[in-house]
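Observations on chain architecture
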Amino acid sequence: MSQAVGNTALAYARVWHHVNASDRVLGKLAERIALVLMGKHKPIYDKSLDCGDYVVVTNAKHIKVTGRKDEQLVYRKHTMFPGGLKETEYKDMMEKKPYEIIRHAVSGMLPKNKLRERRLERLKVFGGSNMGIYRGNILKRWEDGTLTEDYILKLDSKNRMKAKAK
């Protein structure tokens, strides 16, 4: 008798989630995205394994921040040369690279370990509503976790074909 012991490959299968960032608060959205990238929403979660899913974020230009953060928030990076500190305000970053704002926020929510960069690679952020080639990969809606209409129609058409064959 053969029996699988432990988690199977199906348990670790990665699902693509779509998030519409329009009128969402940056911190709360980044927290939810980080949980999905880590895989904490799955029953097989283990902090030493990378079992998270893919997340595609659209409409990053329309994200909101609370309070006066739009005036006070400053993004800093250093070129590692003397006097190489570069500062960019939130408003300028929103005009030039809105995808970088969400990526930076999610990066701050992830654990600081060797899996961090690998998890961030599974985050795809787009400023507008066009997600390009990733549209075909989306399986789950962000709001309620249900399957998308396209995927349901694919499954339904296969079921209809099986019913006709019988």
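Look a little higher up for the structure.
Each value, and the rule that gives it
- Residues numbered from 1 in each chain as written.
- Predicted model: local features only at pLDDT ≥ 70, side-chain atom pairs only at ≥ 80, totals over all residues.
- Heavy atoms only, no water.
- Phe/Tyr/Trp six-rings, centres within 6.5 Å; stacked < 30°, edge-to-face > 60°.
- Buried < 20%, exposed > 50% of the residue type's maximum accessible area, 1.4 Å probe, protein only.
- Helix = DSSP H or I, 4+ residues; strand = E, 2+ residues; numbered from the N terminus.
- Expected span 1.5 Å × (residues − 1).
- Contact = heavy atoms within 4.5 Å.
- Salt bridge = Lys/Arg side-chain N within 4 Å of Asp/Glu carboxyl O.

Now for the packing of aromatic side chains. For any pair of aromatic rings, the description consists of the separation of the ring centres together with the inter-plane angle of the planes. Across all of its chains, the model carries three aromatic pairs by this definition. Note on Phe126 and Tyr134: the rings are 5.9 Å apart at their centroids and 45° apart in plane angle, and the pair reads as tilted. Since its relative accessible area comes to 24%, Tyr134 is described here as partly exposed. Among the aromatic residues, those joined into a ring-pair cluster are Trp16, Tyr54, Phe126 and Tyr134.

So, about helix 1 (residues 26-38). Across its 13 residues, helix 1 extends 18 Å between first and last C-alpha, which sits within 8% of the 18 Å expected from 1.5 Å per residue. For helix 1, every residue scored as buried is listed here: Leu26, Leu29, Ala30, Ile33, Ala34, Val36, Leu37 and Met38. Against strand 1 (16-20), strand 2 (54-58), strand 3 (74-78), helix 4 (98-109), helix 5 (116-121) and strand 5 (123-125) lie the buried residues of helix 1. Two residues or fewer past helix 1, Gly39 is found with a positive phi of approximately 95°.

In this section: the pattern of salt bridges. All told, the structure shown has seven salt bridges when counted by the stated rule. Note that Asp50 is salt-bridged to Arg122, the shortest N-O span being 2.8 Å. Of the two residues, Asp50 sits in the loop between helix 1 and strand 2 while Arg122 sits in the loop between helix 5 and strand 5, which places them 72 residues apart along the sequence. Assessed through its relative accessible area of 13%, Asp50 is described here as buried.

Turning to the environment of Asp23, a few remarks are in order. Summarising the element assignment, Asp23 is placed in the loop between strand 1 and helix 1. Sequence spacing of Asp23 and Asn59 is 36 residues, and the spatial spacing of their C-alpha atoms is 9.2 Å.

All quantities given are derived from atomic positions and should not be read as evidence of function.
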